[in-house]
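A structural walkthrough
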Amino acid sequence: MSTLLQHVNLTEFVDVARQLGLDPYRQLRQAGISPTALVDPEMRVPAKSVMQLLEDSAQLAGLEDLGLRVAETRQLTTQGPLWTVMREGATLRNALDAMARYLHLLNEGIDLRIETVGDAAVVRLELLVSIEGSMRQSTEFVICLWF
């Protein structure tokens, strides 16, 4: 069974790809992602396809930081209902706990845990999906989103 992403919101990818002179729709098709994913936030797409899209596009553009470029244009509000739940948290810890609790509904490819160690909170984020070859763009994309 394929690990899926919901509310993938690839519009940021389209903008960045265009800035780099890439044809974003061609890149989407090559990764096996329907352009419908750009307009239907409920559409679920395979996590591996999104990861491959980032890696292949970075290679084609000759960039090492494509994942970072796409992630830095995202807003928390693109997380849909999850953003609403997070915003209602009385503290940062409450917001992060909500994200850890519900993130799997949007992205089955990431495991997020918040652990308390003494007076500190440790955020553990793990990609549950892998592709052959480099995963740099996906890894940096996820890290940048968290930052």
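Definitions and cut-offs
- Numbering of residues begins from 1 in every chain and follows the order in which that chain's sequence is written.
- Reporting in this predicted model follows two pLDDT cut-offs: at least 70 for local features of residues, and 80 or more for side-chain atom pairs to be given and counted; totals over whole chains, interfaces and linings ignore these cut-offs and use all residues.
- In computing side-chain properties, one takes all heavy atoms of the structure into account and sets aside hydrogens as well as water.
- In this description, strands pair whenever DSSP reports at least two bridges between them.
- In this description a helix means any DSSP run of H or I spanning at least four residues, a strand means any run of E spanning at least two, and both kinds are numbered starting from the N terminus.
- Salt bridge, as used here: a side-chain nitrogen of Lys or Arg that lies within 4 Å of a carboxyl oxygen of Asp or Glu.
- Buried means the residue's accessible area, taken with a 1.4 Å probe over protein chains only, is under 20% of the maximum for its type, while exposed means over 50%, and partly exposed covers the values in between.

1. Observations regarding the pairing of strand β3 (residues 110-117)
In this structure, β3 lies alongside strand β4 (residues 120-127), joined through eight bridges in antiparallel fashion. The partner of R113 across the bridge, within β4, is R124. Count of turn residues in the β3/β4 antiparallel hairpin: two residues, of which G118 carries a positive phi of about 65°.

2. Some details on the pattern of salt bridges
For the coordinates displayed, the defined rule picks out seven salt bridges. With a closest N to O distance of 2.8 Å, R124 and E115 form a salt bridge. On the basis of relative accessible area, R124 is assigned to the partly exposed category, the value being 43%. When the shortest N-O distance is used, the salt bridge between E140 and R136 registers 2.9 Å. With E140 and R136 both in helix α7 (residues 136-146), this residue pair falls four residues apart, about one helical turn. Judged by relative accessible area, E140 falls into the buried class, the value being 18%. Look at R136 and you get partly exposed, because its relative accessible area is 36%. Salt bridges sharing partners connect three or more residues here, namely E64, R136 and E140.

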